[in-house]
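Close look at the chain arrangement
The residues making up each chain are set out below.
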Amino acid sequence: MPTHEKHPLQVNRPDTSQSLHGPASGAAPIRLDLDGLHCASCVARAERALGAVAGVASASVNLVTQQAMIQAAPHTTLQRADLVKAVEQAGYRVIEPAVSTHDAHAPALELSIEGMTCASCVGRVERALQAVDGVTSAQVNLATERASIVGHASTAQLLAAIAQAGYQASVIEPDHAAQATEQAQARAETEQRKLQRSFWLAAALALPVFVLEMGSHLIPGVHHWIAGTIGTHNSWLLQWVLTSLVLLGPGLRFYRQGIPALLRGAPDMNSLVAVGTLAAYGFSVIATFAPQLLPAHTVNVYFEAAAVIVALILLGRYLEARAKGRTSAAIQRLVGLQAKTARVERGGAIVEIAIAQVQPGDIVHVRPGERIAVDGTLVQGRSFVDESMISGEPIPVEKTADSTVVGGTINQTGAFSFRATAVGSDTVLAQIIRMVQDAQGAKLPIQTMVDKITLWFVPAVMAAAALTFVVWLIWGPTPALTLALVNAVAVLIIACPCAMGLATPTSIMVGTGRGAELGILFRKGQALQSLRDARVVAVDKTGTLTEGKPVLTDFELAAGFERASSLAAIAAVEAQSEHPIARAIVQAAEQEQLVLPSIAQFESITGHGVRARLQLQGAEQTIEVGADRFMASLGLSVAQFAETANRLAREGKTPLYAAIDGQLAAIIAVADRIKASTPAAIAALHALGLKVAMLTGDNAQTAQAIAAQLGIDEVKAEVLPEGKVQALRLLRQQYGPVAFVGDGINDAPALAEADVGLAIGTGTDVAVETADVVLMSGNLQGIPNAIALSQATIGNIRQNLFWAFAYNTALIPVAAGVLYPAWGLLLSPVFAAAAMALSSVFVLGNALRLRRFEPLSAQAQAQAS
């Protein structure tokens, strides 16, 4: 039967022009892409700088995505230049998410920029763009290597300004968003290769230094061999040369960023590395070339510490870059689903064109096995389409005339053509990618504590290192100066707070990405934590627990009547009515391919039912359909169907009766069927320890019957949309945080009221737009899966934070030498560097475990087997 079909997800395109006005103007938070953030203290410092700008209500910075979200205060206007200046003064650079609207006359333009390497590059490009006449605002993002310009300046002027600043730029068309993302990924891979080369070069240069120095300390024979061949002083000279090459080559990046940050009074991770290695290197240079300046018994070199520290930290950076690439694997896979070309009707012929050239209204032809290029409506042919990448459902969906198709899904066996309705950034796939990116850039409430601590962490570490140096210098054994230096450097190196900064955002990125693969879209990253805290799940009935369309569920005949002719006669009468129950009966007859007889006379009897006369093979037949009271008024007893009527009542169904030519012929029941996935989903929610409530506008008897059938804990029946809001408030008072699941326009107020709103993706646009989480398919198993994923992600974050804090808390004192008085143990700066790198890699590796999260149904099957 023909049904109205819609995309699994249709959401309004967000305003990507990034207005700088406060909430009174309805603007979304302003997104800036930052460069130069290396640790949690960088995040806190950038947030503090942005929060100090007049008119800023709040600022949230994410270390992994290198993005800042700034909310203007009500009725205020922020100046882009003020935000840029604040970030630059803090020692970082700024970039804005891509603008997705551009044509020859549009006020917004997006450029791809090559050659940027650090935060100062971003500031330089932004200043060059802002100096062009007609530019209202220019925002540059180092991570995406993009610039978003709002204004009326010509493209030629903008490109020329960037060229004069020393960089190269090209225009990104809005429909090339997927291509631009792929290019950004390619650049990230290039950076990984650079880090890999830098590490191997540093390792090759540092290894001889390590062998020459540490070999002499650990193996007496090596010490005597060096002294008897090249000589100790020549060994130091060789170490100086090799270490200088390490610091001025692969290690130069730390000094270019760390020293300026230190001079501004805003030290970061690079500053710790720079100060630590330069201290070891400087002391060694003095010992090599001017030993008379040092106290007796302190003349020694620590070139190996400076060289090996740089090599190990580069290794950590490389491993981090690789792990970070895997955290965004879900986005990369989504981008990879986009078709590259499309076969389109142009000028009476079918031509193959680039996906970016497809326009709304084009007729697109799809062959068996091809990926569908854009969203559209099928106009000719039929086939089955694999929509698992959208809905998570493995069963292909049949597509016939007027069915909707989604770009990125895969056609199976048939061939068809469709009319393009959404292209480029308007497609469902593009909107999904945007949702996931937004969620991955979010900052959870759990990170507030981290931010407060890390704001002062690096300065505190430098103070601890200074205190360590002073204590060892004054009270340490001989050689006090040497031991003071070594321990202070160890404190500086081991305390880099990278793991703290990575703990939360990496888990968010992997968790939301895994959710997208399972058809669970977290539109707001904060929903990850809020969903975990939910204690009761309230669910709308129609369209959520049920299919949302009445169907004929029961049709029992009296003796002497035949099903086909009786159903055809009753359906012919009901075809005159627009009531949902009547339509369900007619659709049942159509599905059985019955021919409906013509109506000679039709009468609606208010409060009772309907009566009609049919022309059937030249004879007239009277059909009467209605409730039991209608049959009673006709003098007909319904006692023979008493047992069936009682069963229907227990199931929450209202029976109807049909009489043919004055004889009781059938009992009929129409109901909105419960989705096949509903019972298992309710059971899974109970297994998670959650209460389940049903909110519905249906009558109490029907609602109670369905609740009893499904094991639902609470029922709120006969409620209007505003009544659902009140019901949620009562549930919150009784149980705690509440999550609400709905799919209709009437569910929007409840979705907004709930602590977490989950919308069925097959529902209406308004419901999807109001929700915090979107379940792409109509399968309710997505509800417990979303909650379980939320719990797993928050648990993963807590593990990361525990490791990061426990690691620093435990090892900083060890590096300072607290174990020396009792056991004579000191932590070498080399091992401190290795431990610091290991900490960050551990956190990233732990976050990546979320990629293996399995849906609850799969878990249950695994346990059963």
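Worth saying up front: this structure is predicted, and the values here are computed from it rather than measured.

**A closer look at the overall build of the chain**
Summing up its helical and strand segments, the chain has 32 helices and 30 strands in all. In the chain, which comprises 865 residues, the proportion classed as buried is 54%. Within the chain, residue pairs in contact and separated by at least 24 positions form 70% of the contacts whose partners lie at least 6 positions apart. A total of about 35600 Å² of accessible surface is found on the chain, and carbon and sulfur atoms cover 57% of it.

**Observations concerning the packing of aromatic side chains**
Applying the stated criterion across every chain, the model contains 8 aromatic pairs. Ring centres of W472 and Y820 lie 5.2 Å apart, and the angle between their planes is 70 degrees; this geometry places the pair in the edge-to-face category. One end of the pair, W472, is in helix α15 (residues 457–475); the other, Y820, is in helix α30 (residues 820–823), with 348 residues separating them in the sequence. An angle of 35 degrees between the planes, with centres 4.3 Å apart, marks the rings of W803 and F842 as tilted. Of the two residues, W803 is situated in helix α29 (residues 782–816) and F842 in helix α31 (residues 829–848); the sequence distance between them amounts to 39 residues. With relative accessibility at 27%, the residue W803 sits in the partly exposed group.

**Notes on helix α2 (residues 80–89)**
Spacing of three or four residues puts side chains on the same side of an α-helix, whose turn is 3.6 residues. Of all the residues in α2, the buried ones are R80, L83, V84, A86 and V87. Seen end-on, α2 carries its buried residues on one side only, within an arc spanning 160 degrees. Of the residues in α2, the exposed ones pointing more than 90 degrees away from the buried face are K85 and Q89. Just past α2, the residue G91 takes up positive phi, approximately 100 degrees.

**Let's talk about the UniProt feature "transmembrane region" (unreviewed entry) in the chain**
If you check UniProt for "transmembrane region" (unreviewed entry), the listed places come out as residues 199–219, 225–248, 269–289, 301–319, 453–475, 481–504, 801–820 and 826–848 in our numbering. Within the segment residues 225–248, helix and strand shares are 88% and 0% respectively, and the terminal C-alpha atoms sit 30 Å apart. Note that residues 826–848 is 87% helix and 0% strand, and that its end C-alpha atoms are spaced 33 Å apart.

**Things to note about the environment of R93**
Within the element layout of this structure, R93 appears in strand β4 (residues 93–95). Residue R93 is classed as buried on the basis of its relative accessible area, which comes to 0%.

**Things to note about helix α7 (residues 232–248)**
A rise of 1.5 Å per residue sets the reference length of α7, with its 17 residues, at 24 Å; its end C-alpha atoms lie 24 Å apart and thus fit the reference within 8%. The set of residues buried in α7 consists of S235, W236, Q239, L242, T243, S244, V246 and L247.

**Brief notes about the side chain of S383**
Position of S383 relative to the elements: it lies in strand β13 (residues 383–386). Residue S383 is classed as buried on the basis of its relative accessible area of 5%. At 2.5 Å, the side chain of S383 and the side chain of N411 are in polar contact. Ignoring sequence-local partners within four residues, the contact set of S383 consists of V397, E398, K399, N411, Q412, T413, G414 and F416.

**A short note on the sheet that holds strand β10 (residues 349–354)**
The antiparallel open sheet is built from 6 strands, whose spatial order is β10-β9-β11-β17-β12-β15. Each edge of the sheet is formed by a strand with only one pairing partner; in this case those strands are β10 and β15 (404–405). Judged from the 6 bridges that link them, strand β9 (residues 341–346) and β10 form a sheet pairing that is antiparallel. Looking across to β10, one finds that E345 is bridged to I350.

**Details of unusual backbone geometry**
For residues that are not glycine, phi is negative in most cases, and the peptide bond is trans in most cases. Omega for the bond connecting T478 with P479 falls within 30 degrees of zero, at -5 degrees, which places this linkage in the cis form. Within the element layout of this structure, P479 appears in the loop between α15 and α16 (480–494). The phi angle at D402 is positive, at roughly 75 degrees, despite the residue not being glycine. If you trace the backbone, D402 turns up in the loop between β14 (397–399) and β15. Given a relative accessible area of 61%, D402 falls into the exposed group. Positive phi, normally seen in glycine, also occurs at D661, with a value near 50 degrees. By secondary structure assignment, the location of D661 is in the loop between β24 (655–660) and β25 (663–674).

**Structural notes on the packing of α15 against α16**
Running from amino to carboxyl end, α15 crosses α16 at an angle of 165 degrees, the nearest separation of the two axes being 8 Å. Viewed along their axes, α15 and α16 adopt a mutual orientation that is roughly antiparallel. Crossing geometry of α15 relative to α16 is assigned as right-handed. Note on element contacts: α16 touches α15 through A480, L481, L483, A484, L485, N487, A488, V491 and L492, opposite V461, M462, A464, A465, T468, F469, W472 and L473.

**What about the pattern of salt bridges?**
Under the counting rule described, the total for this entry stands at 14 salt bridges. The partner of R732 in a salt bridge is E753, and the shortest N-O contact between them spans 3.1 Å. Of this pair, R732 sits in helix α26 (residues 721–735) while E753 is found in helix α27 (residues 748–753), placing the two residues 21 residues apart along the sequence. You can call R732 partly exposed: its relative accessible area is 24%. Residue E753 is classed as partly exposed on the basis of its relative accessible area, which comes to 21%.

**What about a nonpolar patch on the surface?**
A cluster of nonpolar side chains, namely L467, V470, V471, L473, I474 and W475, defines an oily patch on the protein surface of about 610 Å² accessible area. Within the element layout of this structure, L467 appears in helix α15.

**Overview of the sheet that holds strand β28 (residues 738–742)**
The 7 strands are arranged β18-β30-β29-β28-β19-β26-β27 in an open sheet whose pairing can be described as mixed. With one partner strand each, in any of the chains shown, β18 (520–522) and β27 (714–716) form the two edges of the open sheet. Strand-to-strand twist of the sheet, defined as the mean angle between neighbouring strand axes without regard to direction, takes the value 20 degrees. Alignment of strand β19 (residues 536–540) against β28, held across 4 bridges, turns out to be parallel. Considered in β28, the bridge of A538 is made with F740. Across the sheet, α29 touches β18, β19, β28, β29 (756–760) and β30 (773–775), and the angle it forms with β18 is around 50 degrees.

**What about the packing of helix α20 (residues 563–574) against helix α21 (residues 580–591)?**
α21 packs onto α20 with a crossing angle of 140 degrees between their chain directions and a minimal axis gap of 8 Å. As the angle between them shows, α20 and α21 are arranged oblique. For the pair α20 and α21, the crossing hand works out as left-handed. Of α21, the residues touching α20 (which contributes L567, I570, A571 and E574) are A582, I585, V586 and A589. Per-class residue counts for the contact of α20 with α21 are 7 nonpolar, no polar and 1 charged.

**Some details on the side chain of S507**
The residue S507 is located in helix α17 (residues 498–517) in this model. Judged by its relative accessible area of 0%, S507 falls in the buried class. Apart from the residues lying within four places of it in its own chain, the contact partners of S507 are T793, N796, I797, N800, A847 and L850.

**Brief notes about the nonpolar core**
Grouped together as the largest cluster of nonpolar side chains are 134 residues, with contacts concentrated most on L32, L34, V537 and L758. Examining the composition of this core, we find that 14 residues originate from one element, α29, more than from any other. In this structure, V537 is in contact with L685, L690, K691, V692, A693, A739, V741, I783 and I787, ignoring residues within four places of it in sequence.

How each quantity is defined
The residue numbering used here restarts from 1 in each chain and proceeds along that chain's sequence as written. Confidence filtering applies because this is a predicted model: local features only for residues at pLDDT of at least 70, side-chain atom pairs given and counted only at 80 or more, and all residues used for totals across whole chains, interfaces and linings. Hydrogen atoms and water are omitted, and side-chain values are computed over all heavy atoms in the structure. The way it works is that DSSP assigns letters per residue, a run of H or I at least four long becomes a helix, a run of E at least two long becomes a strand, and they are numbered from the N terminus. Under the scheme applied here, a residue whose accessible area is under 20% of the maximum for its type counts as buried, over 50% as exposed, and between as partly exposed, the area being computed with a 1.4 Å probe on protein chains only. For this analysis, residues touch if any pair of their heavy atoms sits within 4.5 Å. Note on areas: these come from Shrake-Rupley sampling with a 1.4 Å probe, and a residue is covered only by the protein chains present in the view. Ring pairs are drawn from Phe, Tyr and Trp, using the six-membered ring of Trp, whenever the two centres fall within 6.5 Å, and their geometry is named by plane angle: stacked under 30 degrees, edge-to-face over 60, tilted for the rest. Directions from the helix axis toward the C-beta atoms define the arc. UniProt positions are given in the numbering used here, feature names are shortened, and annotations may be inferred rather than shown by experiment. Any helix carries an expected span of 1.5 Å times its number of residues minus one. The term polar contact refers here to a pair of N or O atoms within 3.5 Å; inside protein, the definition further demands a hydrogen-donor-capable atom paired with an acceptor-capable atom, and it admits residues adjacent in sequence only when both atoms are side-chain atoms. A pair of strands is treated as paired once DSSP finds two or more bridges between them. Here the axes come from fitting lines to C-alpha atoms, over the contacting stretch only for helices, and the angles between their N-to-C directions go from 0 to 180 degrees. Put simply, angles under 35 degrees are roughly parallel, angles over 145 are roughly antiparallel, angles from 65 to 115 are roughly perpendicular, and the rest are oblique. Rotating anticlockwise by less than a right angle from the far helix to the near helix defines a left-handed crossing, while the corresponding clockwise rotation defines a right-handed one. Salt bridge, as used here: a side-chain nitrogen of Lys or Arg that lies within 4 Å of a carboxyl oxygen of Asp or Glu. Residues form patches when they are more than 30% accessible in relative terms and have no salt bridge. Like charges link within 9 Å. Nonpolar side chains (Val, Leu, Ile, Met, Phe, Trp, Tyr) link within 5 Å. All amino acids are sorted into three groups, where Ala, Val, Leu, Ile, Met, Phe, Trp, Tyr, Cys and Pro are nonpolar, Asp, Glu, Lys and Arg are charged, and the leftover types, Gly among them, are polar. Within this scheme, the nonpolar core is defined by two criteria: the residues are buried Ala, Val, Leu, Ile, Met, Phe, Trp, Tyr or Cys, and they are joined through side-chain atoms within 4.5 Å.

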